[in-house]
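# Structure assessment
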Amino acid sequence: MKPSFPFHLNGRTAVVIGATGGIGTGICQALLGGGASVALVARDINRLKHLERSLEAPRRTFSVSADITDTFQLTQARDAIIDHFGSIDLVVISTGIMVGSPFEDAIPADWVSMIDVNLHGLLYAAQTFSSDLISAADAGGPSDLIFIGSLGSHVQYPNFSVFTAVSAAIAQLSRTLRSEYGRRGLRVHNIEPGFTRTDFGRNLNHEAARAHWRHLEETITPLDPADLGRIVALTAAMPTGLNIAEMVVLPTEQD
Ligand SMILES: NC(=O)c1ccc[n+]([C@@H]2O[C@H](COP(=O)([O-])OP(=O)(O)OC[C@H]3O[C@@H](n4cnc5c(N)ncnc54)[C@H](OP(=O)(O)O)[C@@H]3O)[C@@H](O)[C@H]2O)c1
């Protein structure tokens with residue numbers, strides 16, 4: 001694959017969790033385009049294998065299935081990636097689900113499922129790969145932990161109160177980890193997309209939430225996941241003394 005931006009990631013080994021998602025796929029394409037090797041992680045191994053074939057970089061891709069809410073599966077995935085590539089210096093967490101409804105109608109079990117993936121899963125994944133990222137930083141090379149958060153951490157969307165609250169928790173976690181790890185050379189970033197062309201809003205199960213998503217689809221041209229991928233690649237390719245710490249990336253029409 002030809003590099004599609006004027007920076008390179010040659011020699012870097014990335015893990016993309018949520019690789020088969022719309023945004024995850026854009027990230028994998030851009031990291032490979034920059035020259036990195038990429039481990040593709042999500043639950044559905046068939047979708048992972050399909051993605052791997054479509055990326056056409058067999059020596060620089062490796063698929064491993066894991067549920068981000070399961071620390072044992074994450075550890076097994078981490079061990080398999082180290083066996084395959086030997087090291088890890090870039091981890092992107094792009095897994096998430098979204099539920100929405102008027103607060104009084106919400107089903108608490110739906111909140112629990114979302115918090116499990118979006119927050120607990122992100123914590124588990126960040127911790128599982130932390131020693132590899134610290135080792136990479138200790139060795140003097142670049143080392144990056146990148147969260148894909150959400151514009152939702154900054155705005156009030158009626159009917160998405162818990163999703164936006166979890167997004168704010170991710171943003172604050174990224175800030176605190178940044179101050180915990182920055183002096184050790186590990187960069188922590190939070191990239192926060194707005195409305196992006198993926199299947200993310202397809203499974204909303206309350207009419208009020210679906211209506212919000214339809215309104216976005218009817219009034220805004222969504223971001224192209226490939227552009228978000230390029231932003232992630234650019235973030236990782238910056239000189240080691242520079243951290244693009246937080247970035248909100250919006251369709252121009254979105255407020
Ligand atoms: N699209 C948007 O408009 C938008 C806006 C703001 C923020 N975001 C954020 O961007 C991130 C990615 O969203 P997207 O639009 O790319 O979503 P998506 O297309 O629905 O993809 C989600 C990805 O996460 C994986 N996943 C879901 N649950 C998982 C689990 N328990 N364990 C491991 N992997 C799991 C899915 O694969 P499997 O199902 O096979 O596991 C898939 O690869 C999310 O964090 C989301 O909050 C998206």
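On a predicted model such as this, the values are computed, not experimentally measured, just so you know. (Residues numbered from 1 in each chain as written. Predicted model: local features only at pLDDT ≥ 70, side-chain atom pairs only at ≥ 80, totals over all residues. Heavy atoms only, no water.)

Turning our attention to unusual backbone geometry. The backbone phi angle of Glu-56 is positive, close to 50°, even though this residue is not glycine. The class for Glu-56 is exposed, based on a relative accessible area of 67%. (Buried < 20%, exposed > 50% of the residue type's maximum accessible area, 1.4 Å probe, protein only.)

Further remarks concern the pattern of salt bridges. Between side chains of opposite charge, a pair can form when the charged atoms approach closely. Tallied over the entire structure, the rule returns 13 salt bridges. The closest approach of N and O atoms between Arg-78 and Asp-79, which form a salt bridge, is 2.8 Å. The exposure class of Arg-78 is partly exposed, given its relative accessible area of 21%. Classification of Asp-79 by relative accessible area gives partly exposed; the value is 34%. The network of salt bridges with common partners includes Arg-12, Asp-89, Asp-144 and Arg-187. (Salt bridge = Lys/Arg side-chain N within 4 Å of Asp/Glu carboxyl O.)

Three or four residues apart is the spacing at which side chains of an α-helix point the same way, because the helix has 3.6 residues per turn. Here helix H4 (residues 108–138) spans 43 Å end to end across 31 residues, near enough to the 45 Å set by a 1.5 Å rise per residue. At Ser-130, H4 shows its largest kink, close to 45°. Gly-140, located one to two residues past H4, shows a positive phi value of around 95°. (Helix = DSSP H or I, 4+ residues; strand = E, 2+ residues; numbered from the N terminus. Expected span 1.5 Å × (residues − 1). Bend = angle between axes of the 7 residues up to and from the residue.)

Turning our attention to the environment of Phe-147. Structurally, Phe-147 is set in strand E5 (residues 144–148). Note on Phe-147: relative accessible area 0%, which makes it buried. For Phe-147 and Ile-93, which are 54 residues apart along the polypeptide, the C-alpha to C-alpha distance reads 5.1 Å.

What follows covers the site of the ligand. Around the ligand sit 27 residues, and of these Thr-20, Gly-21, Arg-43, Ile-68 and Thr-198 come closest. Interatomic distance of 3.3 Å between a backbone N/O atom of Gly-18 and an oxygen atom of the ligand. Expressed as a share of its isolated accessible area of 890 Å², the protein-covered part of the ligand is 91%. (Near = heavy atom within 4 Å. Polar contact = N/O pair within 3.5 Å; in protein donor to acceptor, adjacent residues only side chain to side chain. Areas by Shrake-Rupley, 256 points an atom, 1.4 Å probe, with all protein chains shown as cover.)

Considering all chains together, one arrives at five aromatic pairs under this definition. Seen from their ring centres, Phe-62 and Phe-85 are 6.3 Å apart, and the 80° between their planes marks the pair as edge-to-face. Of this pair, Phe-62 sits in strand E3 (residues 61–65) while Phe-85 is found in helix H3 (residues 71–85), placing the two residues 23 residues apart along the sequence. Exposure remark for Phe-62: the relative accessible area of 18% places this residue in the buried category. Judged by centre distance (5.3 Å) and plane angle (90°), the ring pair of Phe-195 and Trp-213 falls under edge-to-face. Here Trp-213 lies in helix H6 (residues 207–219) and Phe-195 lies in the loop between strand E6 (187–193) and H6, a separation of 18 residues in the sequence. For the pair formed by Phe-195 and Trp-213, the shared burial category is buried. Each member of the aromatic cluster is reached from another via a ring pair, and the members are Phe-163, Phe-195, Phe-200 and Trp-213. (Phe/Tyr/Trp six-rings, centres within 6.5 Å; stacked < 30°, edge-to-face > 60°.)

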